[in-house]
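Residues per chain, in single letters:
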Amino acid sequence: ECIVGSQETEKGCTAINEKRKEKGLSQLDIHCIELVEDVERRGPHEEEKISSSSMRSRILGQRLLKARKSWDKSEGPYIIGLTGGSASDKSSLGKRFQKLGAGLVDCDKLGHLAYQPGSPTLDKLVKEFGDSVLSEDGTVNRRALGAIVFSDKSQLTKLNQIVWPEISRMAGEQATELYQSGHKVVLLDAAVLIEADWHLNCHEVWVCIVPRETAIERIVERDNKSKEEAQKRIDSQMSNRDRCKIANSVFCTLWDPEITQKQAESAWTRLTKELQL
């Protein structure tokens, strides 16, 4: 019987034998495998040795799944839904693609425009939640509305059923305008892309992720929230794992901006070649 470890885990192997000795168990032979230098290391974000984490980082921005549906260039834009959790930095990633030539629709901003004074959506909100959600100037009192919907999931569902279809309609209009202005590829930057089922109308879904602890740290620093508040926000959202299950490509903003840029450029070059743009 033996323990197979590496130079990095040799101390741990020794500790196991010490515990076994305390319990009167036989000692295990320790067989350590030498670490192999990664001669294809692509930057300081990768480990010096060959490792699975480095291998995973190299598939960022690459195609993981084929396109969800075929595309006819003459009928409209190639739609990519870009999504990610809080503090994943997906919006900054979207702007990188915009600079590379993609059209960009910010669905999160459209959410604020969906219920402007005089709009049918605002009328529906008032009918459902009452005049208490209105400010004196006739605009939505977001604080009052939030107090209603974020304390009751059934109320939040009602809000989403009213607002999401309007955001989808507005996003579709913007995507068409961008296509008509020359953008063959349009990204829909949307935090609730999957939850709202907007991804069903996309040719691809691109997901931006960071580790949970990184997201929490960013929220604490950026939004001046406590760690507990940040954790609740992250835990209330779809997990990275679930988003990645349907992702055509995955990106990560954990490292320096230059590395994120390389991911974006790699994905854009691949896509434009595939679409023959």
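Above this text you will find the structure in question.
Note that this is a predicted model, so its numbers are computed, not measured.

## Topic: the environment of Trp-255
No. 1: Residue position: Trp-255 is located in the loop between strand 7 (249-252) and helix 11 (257-275).
No. 2: Here the alpha-carbon distance between Trp-255 and Val-210, two residues 45 residues apart in the chain, equals 9.5 Å.

## Description of the packing of helix 5 (residues 120-129) against helix 7 (residues 153-180)
No. 1: Look at helix 5 against helix 7: their axes get within 10 Å of each other, and the N-to-C directions meet at 165 degrees. One finds that helix 5 runs roughly antiparallel with respect to helix 7. As for how helix 5 packs across helix 7, the hand of that crossing is right-handed. Contact residues: Thr-121, Lys-124, Leu-125, Glu-128 and Phe-129 in helix 5; Gln-155, Lys-158, Leu-159, Ile-162, Val-163 and Glu-166 in helix 7.

## Looking at the state of the cysteines
No. 1: Inspection of every chain in the model, using the stated rule, returns zero disulfides.
No. 2: The thiol of Cys-2 is not disulfide-bonded; the next cysteine sulfur, from Cys-13, is found 9.5 Å away.
No. 3: Judged by its relative accessible area of 46%, Cys-2 falls in the partly exposed class.
No. 4: Here Cys-208 is not cross-linked by a disulfide; its sulfur's nearest cysteine counterpart is in Cys-252, at 7.1 Å.

## Considerations on unusual backbone geometry
No. 1: A positive phi angle, near 55 degrees, is found at Asn-224, a position not held by glycine.
No. 2: Along the polypeptide, Asn-224 turns up in the loop between helix 8 (212-223) and helix 9 (227-235).
No. 3: Notably, Gln-276 is not glycine yet its phi reads approximately 60 degrees, a positive angle.
No. 4: Its location among the elements puts Gln-276 in the segment after helix 11.

How each quantity is defined
Residues numbered from 1 in each chain as written. Predicted model: local features only at pLDDT ≥ 70, side-chain atom pairs only at ≥ 80, totals over all residues. Heavy atoms only, no water. Helix = DSSP H or I, 4+ residues; strand = E, 2+ residues; numbered from the N terminus. Axes fitted to C-alpha atoms, helices over the stretch in contact; angles between N-to-C directions. Parallel < 35°, antiparallel > 145°, perpendicular 65-115°, else oblique. Left-handed = near helix turned anticlockwise from the far one by under 90°. Contact = heavy atoms within 4.5 Å. Disulfide = S-S within 2.5 Å. Buried < 20%, exposed > 50% of the residue type's maximum accessible area, 1.4 Å probe, protein only.

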